[in-house]
Amino acid sequence: MSVYQKIADDLVERFRPAAESLPANDEKRAAFARFSKVGPPHRRVEGWRWSDLPAALRAANGAASSGRSAAFDQIGAPSVNIVNGRIADAQAAAALGVVEVDEWDDTLDPCDWRDRFSGLVDLNTAAAVRQIRVEMIDGAAGAVWLRHIFDSREDVFVSIAMRVGNCATLNVIETFEGRAPFVSHAAIARTGKNASIARTMLQSTEQSVVLHSSFGAIIGVGGAFEQSSVSLGGRFARHETVPWLVDEDARVRIDSVALVDRDRHADFTSHVAHDEARAITRQRHKGVVDGNGRAVFQGKFLVGRSAQKTDAEMQANALLLSDRAQANHKPELEIYADDVQCAHGSTSGALDDDALFYLRQRGLDEGAARALLIEAFVGELIGDMDAAARPAAAELVGEWLRERTA
Amino acid sequence: MLKIQNLHASVSGEDGGADILKGVTLDAPAGEVHVIMGPNGSGKSTLSHVIAGREDYTVTSGTVTFDGEDLLGLAPEERAAKGIFLSFQNPMEIPGVATMNFIRTALNAQKKARGEGEISAADFLKAIRGKAKLVGLSDEKLKRPFNVGFSGGEKKRMEMLQMATFEPRFCIMDETDSGLDIDALKMVGEVVNALRDGSRGFLVITHYQRLLEHIRPDRVHVLAGGRIVKSGGPELAAELEASGYDQFIEAA
Ligand SMILES: Nc1ncnc2c1ncn2[C@@H]1O[C@H](COP(=O)(O)OP(=O)(O)O)[C@@H](O)[C@H]1O
Ligand SMILES: [Mg+2]
């Protein structure tokens, strides 16, 4: 047995009790079987070279959570607290108005686009106790903040299904805080015609968290998908975004910011599938890495044969603040249509000495000058965020900078 | 005010190589305007950066004092707080940095270091609007990220805006006049002359006589090969413009 087979088997056994403790259910059983067979990601699996989940899980422990993230207090949207994957305040959820948020017994399965997700989504399907449902009716527009709080000595599995009706707009903010040995979050959104979904994801969990989250969205004709995210990493934190543009004239914007220091790890991985004509996709990633941290960015654009006139751009920039800081970028274009405009760019480097000297000549001390330049580096993406989440995102950046200079 | 004694400096690092500055001595008292002229590569910008505290250069010997106090041991921001201002030859574009916010933060950082009170947002706004008009920068330009998309001349105006706003005690102007049109030169003269109250000093690096028609210099020095090879009165500038630097390149 190869060492990697052993690593995969160990992962399966680690999660088996969580899956088998749930009431028997064919779909869950099938999902766990798929996970067992092909799912456990280790460093020899495509897309997992730089993100060593098994190693992070071996180091994971059951320490209790030490608190909440104060930055999130600034979020201006109606909230639903979801503690360890379960809606904690049903009353708040019931009082939301046009957005409906509740829990039911269903499983998440991407079915025919399953292979674009990692096997961990199968694990989530197998082990999530209940599913949270977010529904926006036709023609409506509204916002909801799903506040995920983790405070558990056991692994946590969060499963979410979202539906956005025709001509409807859903503004969803998802925040992550606290800790658990392992957090698995999987959400799939389905949208109608001319519908749009704007998602903001802010992750400020504790240092020791091991977290995997994945968000899939099927975007219909004339639909829009916008996502902005800030991740502070963790022992391991990976966020996957998988939009599927199944019809014409879709618009996509995906912005991701990662701020990692100490031994933290943040991975942003996305796969945008363009199936039909005239989609416009803009993706930007900014990673700021200090200490022994590592920021991984893997972005893929798939442009199918019918996706003529696709206009897609991807840009990843990393700022390395220490000698040991690492950034790994893997931009990927897979194009089958002939009349498309696709581009990608990737940079990584240190803070600009000339700019630092300029700012210090004007009177800023070194710490303030560095902070100003780091803020400027991520500022464009923060500035383009949803107004309800922007102050909290800016505060996360500010907190991160203050913690480094303190 | 600013006293430079036998200053030698080289590029920092293991293979820093030979000195760029090879014994510069200069005394610029309060109230006076000193001009430095000299061929390309003679060390003019290096001198201005060393005075301002750029860590890319290592002072191998010599001293720089400001009102009798050693400058060389101070961080760039400490020198700025003491009133040393450098108008850069090639000002930076700094994407993502909001211009007004930056200038106010810098001004308040200087004030704080000097133990003075901060300027309020309202007072600052009033002050900077007036100065912006003086240097010819529109409100729209002030709203852009710092210097982003500015022409060379606009960047020089932004340097003058900061100089007028900070009211530094000692202004080093590194080829501020290069690339400026006639009206802008006049503006630079106005900014300098408004600050010329007898208590401040100026070190003006230039290749042209033209700016000196607006700013009457007290002394003119020729820097060649990392040394001051000649000093004289204002007439030296005119002489140099007529005869060029050839004579000094030999000498250096
Ligand atoms: N950071 C640096 N690294 C290497 N060489 C430098 C550096 N700064 C200045 N020099 C060299 O020192 C000399 C003087 O440069 P500089 O001070 O810019 O001249 P000036 O401003 O008089 O034109 C030049 O030969 C230049 O190439
Ligand atoms: Mg120069």
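Residues numbered from 1 in each chain as written. Chains lettered and ligands numbered in written order. Predicted model: local features only at pLDDT ≥ 70, side-chain atom pairs only at ≥ 80, totals over all residues. Heavy atoms only, no water.

### A few points about helix α6 (residues 353-361) of chain A
All names here are of chain A.
- Of all 9 residues making up α6, 7 are buried, and the element is well covered by its neighbours.
- Every buried residue of α6 is listed here: Ala355, Leu356, Phe357, Tyr358, Leu359, Arg360 and Gln361.
- Between the side-chain oxygen at the start of α6 and the backbone nitrogen of Asp354 there is a gap of 2.9 Å, and the oxygen is on Asp352.
- One or two steps after α6, the chain reaches Gly363, where phi turns positive at roughly 120°. (Buried < 20%, exposed > 50% of the residue type's maximum accessible area, 1.4 Å probe, protein only. Helix = DSSP H or I, 4+ residues; strand = E, 2+ residues; numbered from the N terminus. Polar contact = N/O pair within 3.5 Å; in protein donor to acceptor, adjacent residues only side chain to side chain.)

### Description of the site of ligand 1
Residue and element names in this part refer to chain B.
- Every residue near ligand 1 is listed here: Val11, Ile20, Pro39, Asn40, Gly41, Ser42, Gly43, Lys44, Ser45, Thr46 and Tyr57.
- Within the side chain of Lys44, a nitrogen or oxygen atom sits 2.9 Å from an oxygen atom of ligand 1.
- Ser45 places a main-chain nitrogen or oxygen 2.9 Å from an oxygen atom of ligand 1.
- For the shell around ligand 1, the leading source of residues is helix α1 (residues 44-52), giving 3 residues.
- Of the residues assigned to the shell around ligand 1, the class counts are 4 nonpolar, 6 polar and 1 charged. (Near = heavy atom within 4 Å. Nonpolar A, V, L, I, M, F, W, Y, C, P; charged D, E, K, R; others polar.)

### Considerations on the pairing of strand β11 (residues 219-224) of chain B
Residues and elements named next belong to chain B.
- Across the 6 residues that make up β11, a large majority, 5, are buried.
- Bridge count between strand β3 (residues 33-37) and β11: 4 bridges; the pairing is parallel. When the bridges of β11 are listed, Met37 appears paired with Val222.
- Pairing of β11 with strand β12 (residues 227-232) involves 5 bridges; the strand directions are antiparallel. Considered in β12, the bridge of Val220 is made with Gly232. (Pairing = 2+ DSSP bridges.)

### Here's the deal with the interface of chain B and chain A
- Counting residues at the interface gives 28 residues for chain B and 17 residues for chain A.
- Three residues, Arg54, Glu77 and Met92 of chain B, lead the burial of chain B against chain A; their summed loss comes to 31% of the area buried on that side.
- For the pair chain B and chain A, the interface holds 4 salt bridges.
- Linking chain B to chain A there are 11 residue pairs in polar contact (both at pLDDT 80 or more).
- Among the elements that make up the side of chain B that touches chain A, the one with the highest residue count is helix α3 (residues 99-113) of chain B (5 residues).
- A per-class count over the side of chain B that touches chain A returns 18 nonpolar, 6 polar and 4 charged. (Contact = heavy atoms within 4.5 Å. Buried area = accessible area lost by both parts, 1.4 Å probe. Salt bridge = Lys/Arg side-chain N within 4 Å of Asp/Glu carboxyl O.)

### What to know about the packing of α3 of chain B against helix α4 (residues 121-135) of chain B
All names here are of chain B.
- At a minimum axis distance of 11 Å, the contact between α3 and α4 shows a crossing angle of 110°. When the axis of α3 is compared with that of α4, the two are roughly perpendicular. Judged by the sense of rotation from one axis to the other, the crossing of α3 with α4 is right-handed. The residues of α4 that touch α3, namely those facing Met100, Ile103, Arg104 and Leu107, are Ala121, Phe124, Leu125 and Ile128.
- Looking at side-chain class alone, the contact of α3 with α4 contains 7 nonpolar, no polar and 1 charged residues. (Axes fitted to C-alpha atoms, helices over the stretch in contact; angles between N-to-C directions. Parallel < 35°, antiparallel > 145°, perpendicular 65-115°, else oblique. Left-handed = near helix turned anticlockwise from the far one by under 90°.)

### Comments concerning the environment of Asp73 of chain A
- Structurally, the position occupied by Asp73 of chain A is in the loop between α3 (53-59) and β1 (79-83).
- Sequence separation of Asp73 of chain A and Arg130 of chain A is 57 residues, and the distance between their C-alpha atoms is 27 Å.

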